[in-house]
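# Report on the structure
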Amino acid sequence: MLKTIILLTDTVQQQQPLANLLREHNRELAFVSALRAQDLSAIDPEILSEARLVSFAADVAVPEKFLLQLGYGAYKFYAAATQYPGLPQAPDESDETPSCYSVIAQSMMIWPDFKKVVGLETVTIPDGTAAAERERLVFTRLAHLFWRMSIMIAGEVTDLPGIIGSAESQRPTLAMMN
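Read on for a plain summary of the structure. These numbers were taken from a predicted model, which means no experiment stands behind them. (Residues numbered from 1 in each chain as written. Predicted model: local features only at pLDDT ≥ 70, side-chain atom pairs only at ≥ 80, totals over all residues. Heavy atoms only, no water.)

## Focus on the overall build of the chain
Helix and strand content of the chain: 4 helices and 6 strands. Out of the 178 residues belonging to the chain, those deemed buried represent 41%. Counting only contacts in the chain whose residues sit at least 6 apart along the sequence, the fraction spanning at least 24 positions is 63%. (Helix = DSSP H or I, 4+ residues; strand = E, 2+ residues; numbered from the N terminus. Buried < 20%, exposed > 50% of the residue type's maximum accessible area, 1.4 Å probe, protein only. Contact = heavy atoms within 4.5 Å.)

See the structure below:
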């Protein structure tokens, strides 16, 4: 039974609104906050088998051992410019400003072949949009994707259904490593 959501976010201010939204769908959930990999390693290992990790706009590497202990998987919500699919935007390599972004919800797995996209939206940035406004538009769309998927995130499903991914993918187990 899913008992705990571990929220890994970029800022502490994001924690409470995300927890409140998920609690609307499952009042029994407990929440653990994390901002860094060190926060994850401090979590009592006994709760991980009944927990799900949700990384929201956080650029934190989650240890493989931690991912393997989660009973309800791990999902990452992030944004990427469409001209750099799967990668962060190239730092100042050109004067070109991305005009289209994808906001993505993806399973976090230690084996790349098992990762799958579980949510995807795009946002087009109007020409001449200032950097701060561009960030606001992208973040708003990312928050909307989280809101739209919140009922599944807070639910009992062990593995969220993929919209992009291997048709034969399944959640890997420790036995698969041997």
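On we go from here.
## Some words on the sheet that holds strand 4 (residues 74-81)
Strand-to-strand pairing in sheets goes through backbone hydrogen bonds, with the strands running parallel or antiparallel. The 6 strands are arranged 2-1-3-4-5-6 in an open sheet whose pairing can be described as mixed. Every other strand in the sheet has two partners, leaving strand 2 (30-34) and strand 6 (117-124) as the edge strands with one partner each. Neighbouring strand axes in the sheet, compared pairwise and without regard to direction, differ in orientation by 15° on average. Summarising the sheet, strand 1 (residues 4-9) and strand 2 pair through 5 bridges and their orientation is parallel. Bridge pairing in strand 2 links T4 to A30. Each of strand 1, strand 2 and strand 3 (51-56) touches helix 1 (residues 15-25); the most contacted strand, strand 1, lies at about 150° to it. Here helix 4 (residues 131-153) sits on the sheet in contact with strand 1, strand 3, strand 4, strand 5 (100-107) and strand 6, set at roughly 150° to strand 6. (Pairing = 2+ DSSP bridges. Axes fitted to C-alpha atoms, helices over the stretch in contact; angles between N-to-C directions.)

## A closer look at the side chain of N26
With respect to the helices and strands, N26 occurs in the loop between helix 1 and strand 2. Under the relative-accessibility criterion, N26 is labelled buried at 14%. A distance of 3.0 Å separates the side chain of N26 from the backbone oxygen of A154, its partner in a polar contact. (Polar contact = N/O pair within 3.5 Å; in protein donor to acceptor, adjacent residues only side chain to side chain.)

## Remarks on the packing of aromatic side chains
Enumeration over the complete set of coordinates arrives at 4 aromatic pairs. Centroid distance F56 to F77: 6.4 Å. Interplanar angle 40°. Geometry classified as tilted. Within this pair, whereas F56 is found in strand 3, its partner F77 is found in strand 4, the two being separated by 21 residues in sequence. For the pair F56 and F77, one class covers both residues: buried. Here a set of aromatic residues connected by ring pairs shows up, and it is made of F56, F77, F139 and F146. The ring of Y78 is capped by K76, whose NZ or CZ atom sits 5.4 Å from the centre of that ring. (Phe/Tyr/Trp six-rings, centres within 6.5 Å; stacked < 30°, edge-to-face > 60°. Lys NZ or Arg CZ within 6 Å of the ring centre and 35° of its normal.)

Nothing here speaks to function; it is geometry throughout.
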